[in-house]
Each structure stands twice: as C-alpha cells, then as structure tokens.
Amino acid sequence: MHIDLSGKSAVISGSTLGIGFAIAKGLANAGAEVVINGRSEASVGKAREALLKDTPKAKVITVAADLSTADGADKLIKAVPSADILVNNVGIFEPKPFEDIPDGDWQRFFETNVMSGIRLSRAYVKGMREKNWGRVVFISSESGINIPGEMVHYGMTKTAQLAVSRGLAQSLAGTGVTVNSVLPGPTRSDGVIDFFGKIAAGEGVPQAEIEKNFIAQFRPSSIIKRLAEVEEVANMVVYICSKQASATTGASLRVDGGVVATIT
Ligand code: NAD
C-alpha cells in the first residue's frame, strides 16, 4: 500500500513536539501540506525547521495560537480557513488527587482537550462536507476507557473526545468525510519524557527505571511492556488519514500496546 496525500492540506493542533509533531512529519512525508501549531512563534518556527531538516520537500505552514481559548481557535481558523485533514491532537495532562482538583482545572482541561477539537472540527468539517472528502482524527487515549484514578479530570476529557468523535462521524453519514479517534497508550512524547524526568530527578533514580516501574505499577496489562514511540502512534494516524482508509469511520482505534484488556 502506498499512501499518497499530495494535494491535501492537514491541520495538526499542538504539533510542535511529541505525538503531534510526529503526526505532522508523517503526513508531510506522505505529501500533505501541513499546518504546525503551538503557542509561540518561537516554538512553531523551531518545529518547522526540524521538519524541513527531516523532509526538505515538505510544505509547512506555521500558526502560533493558544488553543485553550476560543480566541486562539479563531486565530488558527482565520489564518487557515480550510483543511482536508484535521488532527485534534492538542492535550494536557497532570496527575492530581481528585480532592485537590479545583473547578478551574476541570474547565482548563475541558477547554484545551475537548473544546479545541470541537471548535476546529466545527470550522473545518463544513468545507470537507462540501468537497465530499475529509479526515478528522481525535487523539484521545486509553485513559478515555481506563480512567486513571490519579488524573480523573484528564480521563473525563479523553472519554468526552470519544463521544464527540463518534457523534460527529454519524452526523456525516453518507459523505466521504471520516471521523475517528486514536487511543494511544503510554507514549514516549516530549511531555512524558519531561514528566518522568522530573520524577527521576526527584527520586534520584535513572529515568529508564522510572519508565519500567510505571508500566509495571500503573499499566500492568500492557502487552508490549514498554512505552510506545511517537512514530508508532503517528503511523496509525497517517493510515487513518489516507484515501485507503475510506471505510473506517466512527471508530476508536487503539495504539495502546494492549493496555486495554478487552477484545473489542
Ligand atoms: P506533549 O506535551 O509532548 O506535546 C503537546 C503539544 O501541544 C506541544 O507541541 C505543545 O506545545 C502543544 N500545546 C500544549 N498546549 C497548547 C495550547 N494551549 N495551544 C496550542 N498548543 C499547545 O504531548 P503528547 O504526549 O505528545 O500528547 C499529545 C496528545 O496525545 C494529547 O492529546 C494527549 O492526551 C494524547 N496522549 C498522549 C499519551 C502519552 O503517553 N504521551 C498517551 C495517550 C494520549
């Protein structure tokens, strides 16, 4: 199978680092024009440079916009009014005991992880429907199914994305626009490296040991017994955005290393 996305444009939210950057790279390698988004001009510029170093022929547009607000989403939509592919990747996570999560955190997580995807989908799906072709992908998480007790607010947003994704797919019935969720398991993204790095520094233990213990203690059902690499998640996203993936819609596709211990 040869995936060719030349002539298609793709917006990837929160794509200066981590899984989002790997997705941007994967889609650019498949020939799509990619829009890289992050909060600052400096971060999007750095990501553009890194992508062009890897793929000199890539077509890369950058938009600095903070997607935790409606104004930020509007800024991105104004700068890039249409897209053939939308990957709602931006997401924040932070462990916190349930009793200590204030209203503000619930709202911030909901705005960033859920409303960003709703706002962008609402804007871009219109053009996709008119063209009768489009791909929308929500980067949810296995935490949307296995709600983590150590960050319930995060789990809530990841389940909400599954509902929005499935409902949006149904609302586009009979069109050439597909909508799917991808559910990564623990993945070695920049955010996660940072997170484990801080624990390792605090405990004076090598980071590799922290990662191994995390899987053993918090994700014992993992079949691969390791973190996934960002490219492993990006590969699924590139496929689901391809022309070949035209019969897969309304689905929740796992790249969780087997963490969710059910057959379907
Ligand atoms: P990351 O922290 O490594 O990268 C996040 C990216 O989003 C960065 O480019 C950052 O600059 C950008 N960003 C953050 N806040 C933003 C904002 N308000 N506006 C615009 N850009 C913003 O994250 P990651 O681990 O790659 O996670 C990406 C997605 O994958 C998230 O939705 C996350 O929930 C999901 N996910 C991650 C894992 C994992 O283990 N890494 C597992 C399951 C799901």
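So, how was this worked out
- Residues numbered from 1 in each chain as written.
- Predicted model: local features only at pLDDT ≥ 70, side-chain atom pairs only at ≥ 80, totals over all residues.
- Heavy atoms only, no water.
- Helix = DSSP H or I, 4+ residues; strand = E, 2+ residues; numbered from the N terminus.
- Buried < 20%, exposed > 50% of the residue type's maximum accessible area, 1.4 Å probe, protein only.
- Areas by Shrake-Rupley, 256 points an atom, 1.4 Å probe, with all protein chains shown as cover.
- Lys, Arg positive; Asp, Glu negative; His and termini not counted.
- Charge placed at Lys NZ, Arg CZ, Asp CG, Glu CD.
- Arc of directions from axis to C-beta.
- Axes fitted to C-alpha atoms, helices over the stretch in contact; angles between N-to-C directions.
- Parallel < 35°, antiparallel > 145°, perpendicular 65-115°, else oblique.
- Left-handed = near helix turned anticlockwise from the far one by under 90°.
- Contact = heavy atoms within 4.5 Å.
- Nonpolar A, V, L, I, M, F, W, Y, C, P; charged D, E, K, R; others polar.
- Near = heavy atom within 4 Å.
- Polar contact = N/O pair within 3.5 Å; in protein donor to acceptor, adjacent residues only side chain to side chain.
- Core = buried A, V, L, I, M, F, W, Y, C linked by side-chain atoms within 4.5 Å.
- Phe/Tyr/Trp six-rings, centres within 6.5 Å; stacked < 30°, edge-to-face > 60°.

Asker: Before we go on, may I ask you to explain the overall build of the protein in this structure?
Answerer: Along its length, the protein carries eight helices and seven strands. By principal-axis analysis of the C-alpha atoms, the protein measures approximately 50 × 40 × 40 Å. Taken across its 264 residues, the protein has 50% of its residues classed as buried. For the protein, the computed accessible surface area is about 12200 Å², with 56% contributed by carbon and sulfur atoms. Considering the protein, the positive charge centre built from 28 side chains and the negative charge centre built from 27 side chains are found 7 Å apart.

Asker: How should I be thinking about helix α8 (residues 230-240) in this particular structure?
Answerer: Think of an α-helix as 3.6 residues a turn; residues three or four steps apart then line up on the same face. For α8, the complete set of buried residues consists of Val 230, Val 233, Ala 234, Val 237, Val 238 and Ile 240. One side of α8 holds all its buried residues, which, seen down the axis, span an arc of 160°.

Asker: So what exactly am I meant to see when it comes to the packing of helix α6 (residues 190-203) against helix α7 (residues 207-218) here?
Answerer: For any two helices packed against each other, one specifies the crossing angle of their axes together with the interaxial distance. At a minimum axis separation of 9 Å, α6 and α7 run at an interaxial angle of 110°. Here α6 lies roughly perpendicular to α7, going by the angle between them. Pair α6 / α7 crosses with right-handed handedness. In this structure, α6 uses Ile 193, Phe 196, Gly 197, Ile 199, Ala 200 and Glu 203 to contact α7, whose residues at the interface are Gln 207, Ile 210, Glu 211 and Phe 214. When grouped by side-chain class, the residues that make up the contact of α6 with α7 number six nonpolar, two polar and two charged.

Asker: Would you take a moment to explain the site of the ligand for this structure?
Answerer: Taken together, the neighbourhood of the ligand is formed by 30 residues, with Thr 16, Asn 89, Tyr 154, Ser 189 and Gly 191 sitting nearest. Within the backbone of Gly 14, an N or O atom sits 3.5 Å from an oxygen atom of the ligand. When isolated, the ligand has an accessible area of 840 Å², and the protein chains bury 92% of it. Broken down by element, the residue count for the shell around the ligand peaks at three residues, all from α6. Of the residues belonging to the shell around the ligand, the class tally is 11 nonpolar, 15 polar and four charged.

Asker: Looking at this structure, I do not really get the side chain of Asn 37. What am I missing?
Answerer: By secondary structure assignment, the location of Asn 37 is in strand β2 (residues 33-38). Residue Asn 37 is classed as buried on the basis of its relative accessible area of 2%. A polar side-chain atom of Asn 37 sits 2.9 Å from the main-chain amide nitrogen of Gly 14. Looking at Asn 37, its side chain comes within polar contact range of the main-chain oxygen of Val 63, at 3.2 Å. In contact with Asn 37, other than residues within four places in its own chain, are Ile 12, Ser 13, Gly 14, Ser 15, Thr 16, Val 44, Val 63, Ala 65, Leu 67 and Leu 76.

Asker: Honestly, the nonpolar core in this entry has me stumped. Any pointers?
Answerer: Looking at soluble globular proteins, one finds that nonpolar side chains tend to be buried together. Counting 38 residues, the largest nonpolar core has Ile 23, Leu 27, Leu 51, Val 87 and Cys 241 as its most contacted members. If you tally residues by element for this core, the top one is helix α1 (residues 18-29), at seven residues. With 23 residues, the next largest nonpolar core counts Leu 67, Ala 73, Tyr 124 and Leu 172 among its residues.

Asker: Quick question: what am I supposed to make of the packing of α1 against helix α2 (residues 41-54) here?
Answerer: Relative to each other, α1 and α2 sit at 40°, their axes nearing to 11 Å. Of the possible angle classes, the one that applies to α1 and α2 is oblique. In this structure, the crossing between α1 and α2 has a hand that is right-handed. Facing α1, whose interface residues are Phe 21, Ala 24, Lys 25, Ala 28 and Asn 29, α2 presents Ala 47, Ala 50, Leu 51 and Asp 54. For the contact of α1 with α2, the per-class residue count stands at six nonpolar, one polar and two charged.

Asker: For this particular structure, what's the right way to read the packing of aromatic side chains?
Answerer: Remark: the centre distance and the inter-plane angle together describe each pair of aromatic rings, the angle taken between the planes. Inspection of every chain in the model, using the stated rule, returns five aromatic pairs. Ring plane angle 75° and centroid distance 5.9 Å describe the contact between Phe 98 and Trp 106, whose orientation is recorded as edge-to-face. Phe 98 gets classed as partly exposed once you look at its relative accessible area, which sits at 48%. For the pair Phe 196 and Phe 214, a centre-to-centre distance of 5.1 Å together with 65° between the ring planes defines the contact as edge-to-face. Placement of Phe 196 in helix α6 and of Phe 214 in helix α7 is noted, with a sequence separation of 18 residues between them. A relative accessible area of 3% means that Phe 196 is categorised as buried.

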